[in-house]
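# Results of the structural survey
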Amino acid sequence: MATKNTTKPSLSRRWEDYQPSKTTLVWACVAAVVATIIVGFSWGGWVTGSTSQTMAKAAGDTARGELASVICVERFNAAPGAEAKLAEFKAISESYKKRQFIEAGGWATMPGQTSPDRLGAQACATALAA
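Described below are features of the structure shown in this document.

So, about the overall build of the chain. A count of helical and extended segments in the chain gives six helices and zero strands. N-terminal to C-terminal, the α/β element order of the chain is α-α-α-α-α-α. Taking the principal axes of its C-alpha atoms as reference, the chain extends roughly 115 × 30 × 25 Å. Within the chain, buried positions represent 19% of all 130 residues. In the chain, 56% of the contacts between residues at least 6 apart in sequence involve partners at least 24 apart.

Right, here's the structure in full:
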């Protein structure tokens, strides 16, 4: 009687002998692409073009408002009678009226503009109130 060799080949030997079909390779590539996209958008910080445009616009608006605020405070403090205007400003209780006071005084109107910067006026009013 002949004895049958029932030992399984090692994992490395089976890996060397494996020859996947083209279909298996294509589906493996598709799965890798899908997994990469999911990981990239979920944890990798990837965003679409429209999302990046929205984020850039918001950052630009914030930066413009901060710059307008700094310019507004400087203009307010450099204006003639600034101490009297500051006392008048601090006597106003509502924040929207403080913003309107700043806008009406022209301190929030940036050079080259015809109307005051609303974000800048609000930030300027907050800075002056402090």
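With that out of the way, let us pick up the state of the cysteines. Here the structure, examined in full by the defined rule, presents one disulfide. Through a disulfide, Cys72 is tied to Cys124; the S-S separation comes to 2.2 Å. One quick way to see it: the torsion about the S-S bond of Cys72 and Cys124 is about -75°, and its sign makes the bridge left-handed. Here Cys124 lies in helix 6 (residues 118-129) and Cys72 lies in helix 3 (residues 49-78), a separation of 52 residues in the sequence.

Moving on: the pattern of salt bridges. Under the defined criterion, the tally for this structure stands at seven salt bridges. The salt bridge partner of Glu94 is Lys97, with a shortest N-O separation of 3.9 Å. Each of Lys57, Asp61, Arg64 and Asp117 takes part in one network of salt bridges that share partners.

It is at 9 Å that the axes of helix 5 (residues 95-105) and helix 6 come closest, and there the two elements cross at 110°. Put simply, helix 5 runs roughly perpendicular to helix 6. Note on element contacts: helix 6 touches helix 5 through Arg118, Ala121, Gln122, Cys124, Ala125, Leu128 and Ala129, opposite Ser95, Lys98, Arg99, Ile102 and Glu103. Considered class by class, the residues forming the contact of helix 5 with helix 6 number six nonpolar, two polar and four charged.

For any pair of aromatic rings, geometry is given as the distance between the ring centres together with the angle between the planes. What the rule picks out here adds up to five aromatic pairs. Seen from their ring centres, Phe101 and Trp107 are 5.9 Å apart, and the 40° between their planes marks the pair as tilted. Here a set of aromatic residues connected by ring pairs shows up, and it is made of Phe76, Phe89, Phe101 and Trp107. Across from the ring centre of Phe89, 5.4 Å away, lies the NZ or CZ of Lys98, which sits over that ring.

The next subject is the side chain of Thr109. With respect to the secondary-structure elements, Thr109 resides in the loop between helix 5 and helix 6. On the accessibility criterion, Thr109 (17% relative accessible area) is buried.

Rules used in this analysis
- Residues numbered from 1 in each chain as written.
- Predicted model: local features only at pLDDT ≥ 70, side-chain atom pairs only at ≥ 80, totals over all residues.
- Heavy atoms only, no water.
- Helix = DSSP H or I, 4+ residues; strand = E, 2+ residues; numbered from the N terminus.
- Buried < 20%, exposed > 50% of the residue type's maximum accessible area, 1.4 Å probe, protein only.
- Contact = heavy atoms within 4.5 Å.
- Disulfide = S-S within 2.5 Å.
- Salt bridge = Lys/Arg side-chain N within 4 Å of Asp/Glu carboxyl O.
- Axes fitted to C-alpha atoms, helices over the stretch in contact; angles between N-to-C directions.
- Parallel < 35°, antiparallel > 145°, perpendicular 65-115°, else oblique.
- Nonpolar A, V, L, I, M, F, W, Y, C, P; charged D, E, K, R; others polar.
- Phe/Tyr/Trp six-rings, centres within 6.5 Å; stacked < 30°, edge-to-face > 60°.
- Lys NZ or Arg CZ within 6 Å of the ring centre and 35° of its normal.

Any functional reading would require information that these geometric values do not contain.
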